[in-house]
Amino acid sequence: MKIAYLSSLERSVNSGGAYLRIEAIKYIYKALDIQVDSFYSDDAMEHKGPRDYIHYTNIFKYGYKPLILFKSKKIDLSKYDIIHFDNLRHFNWDIKLKKDVKIIYNAHNLECENYFQREDNIHSQNFLEHEIKCIKKSNLTLVCSEREKSYLTQKEKTIENKIIVIPNLIRKEDYYFNEIKKSILFLGTLDYFPNIKAVEYLTSTFSNYIKNHSPELLDKYSFVIAGRNPQENQFEMIEDSIFTLQKDLTKEEVLGLLSCTYMNLVPLRHGSGTRLKIIEAIMSKSLVLSTKLGSEGIVNENIITCDASKFHEEFINFMKEENEFNDNSLEEFYKDFDLKTWLSYNSTSLKKKVLEL
């Protein structure tokens, strides 16, 4: 069996949450004895023509927020029996396919929640209908959590058998920890909407609160925002805050930074998916302070959750306690999020599902 894996990333990208999920799914396919031929966004040609008109008429249906998902490219994958779509936008691409091709769609998150922050308005409802239509076109859709599967199937019962949960998975052996941990870290792709809003908060309300209420922490710890694709306005925001920016790090640099991190900050108020930044933190034996939304679907005693409105206050309260990382729950954590451990429990049922396509 052979799959054409159409990635949402360009060939040059080798870090970030999307990259980690893509590599995990490819690993799983290969472990199931499926050959994977990879195609990237930059392998496709820019598409001009009637679809451009459709692209702009979608503004009336879905608003401006998710407009990028309706841009089209062109690629020929007609020799493959199974195609893996790694982004909702691929359903809108001009792809030459076999008549009876099977499609597997890997949902990194629910795009309806990502772009509309779980709001209930006409644009978000219309876009949810679009997302469900795309899932109906697939033969199998992979989501990150049981919560996301439940959300979708409550909206549309007929897609339940098409959806399976593959959590965000990483290899625990890639991660290590340093005995000296002196960083307070926010890690994420910086042009991703939920992370954009998190950076705005960290460089304003959070930074100002720390300066005014616990300035001694600035001497003890390095406050770091790290990630790829920083936006133009983020440079000045970060420079004027308590944070420093580390951008476009290699995988090895990210692992080194995580190993020296005492606490990872996850002040997310938007989006969905299972937060790879939290999973990476626990694998690196770093503590996590997260909003309830940010840690949704992940349970570990080293994760402290709080209301988004009190995030900066809870940070100072927690830092006063000088907690240490607790190893006791790691074995259970590995069952849920370590790639090889998870696969050892789920490979048989997963292979049966793929073979039934």
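As the structure is a computational prediction, the values presented were derived from the model and not from experiment. In this convention, every chain numbers its residues from 1, walking through the sequence in written order. Reporting of local features is limited, given that this is a predicted model, to residues whose pLDDT is at least 70; pairs of side-chain atoms are given and counted only at 80 or more, and all residues count toward the totals for whole chains, interfaces and linings. Think of the side-chain values as coming from all heavy atoms in the structure, minus any hydrogens and water.

Peer 1: Requested: an account of the side chain of S138, with residues and values cited.
Peer 2: Within the secondary structure, S138 sits in the loop between α4 (122–137) and β8 (140–143). Whether two residues touch is decided by their heavy atoms; if any such pair falls within 4.5 Å, the residues are in contact. If near-sequence neighbours (up to four positions away) are discounted, S138 is found in contact with F91, I103, Y105 and K162. Helical segments are the DSSP runs of H or I of at least four residues, strand segments are the runs of E of at least two, and each set is numbered from the N terminus.

Peer 1: So, the pattern of salt bridges: which residues are in play, and what are the values?
Peer 2: Salt bridges are defined as contacts in which a side-chain nitrogen from Lys or Arg sits within 4 Å of a carboxyl oxygen from Asp or Glu. If you walk through the whole model with that rule in mind, you get 16 salt bridges. The salt bridge partner of D174 is K251, with a shortest N-O separation of 3.3 Å. Linking D174 in the loop between β9 (163–165) and β10 (183–187) with K251 in helix α9 (residues 251–259), this pair joins segments that are 77 residues apart in sequence. For K251, a relative accessible area of 27% corresponds to the partly exposed category. The partner of E332 in a salt bridge is K335, and the shortest N-O contact between them spans 3.2 Å. Of the two residues, E332 and K335 are both situated in helix α12 (residues 330–337); the distance of three residues between them amounts to about one turn of the helix. Burial here depends on accessible area, computed with a 1.4 Å probe over protein chains only, as a share of the maximum for the residue type. Under 20% is buried, over 50% is exposed, and the range in between is partly exposed. Look at K335 and you get partly exposed, because its relative accessible area is 33%.

Peer 1: Account for the sheet that holds β9, with residues named and values stated.
Peer 2: The strands that make up a sheet are held in pairs by hydrogen bonds between backbone atoms, and each pair lies either parallel or antiparallel. Pairing between two strands requires that DSSP report at least two bridges joining them. Taken in spatial order, the six strands of this open sheet run β2-β1-β5-β7-β8-β9, and their pairing is parallel. Across the chains shown, the open sheet's two edge strands, defined by having one partner strand only, are β2 (35–39) and β9. Taking the axes of each pair of neighbouring strands and ignoring which way they run, one obtains an average angle of 25° across the sheet. Only the stretch in contact is used when a helix axis is fitted, and all axes are lines through C-alpha atoms; the angle between N-to-C directions ranges over 0 to 180 degrees. Contacts between helix α1 (residues 17–31) and the sheet are confined to β1 (2–6), β2, β5 (82–85), β7 (102–106) and β8, with β1 contributing the most and set at about 175° to the helix.

Peer 1: Describe the sheet that holds strand β6 (residues 94–96), and please don't skip the residues or the numbers.
Peer 2: In space, the three strands of this open sheet follow the order β3-β4-β6, with mixed pairing throughout. Both outer strands of the open sheet, β3 (45–46) and β6, are each paired with one neighbouring strand and no more. Pairing of β3 with strand β4 (residues 73–76) involves two bridges; the strand directions are antiparallel. Of the residues in β4, the one forming a bridge with M45 is K74.

Geometric values such as these leave the question of function open.
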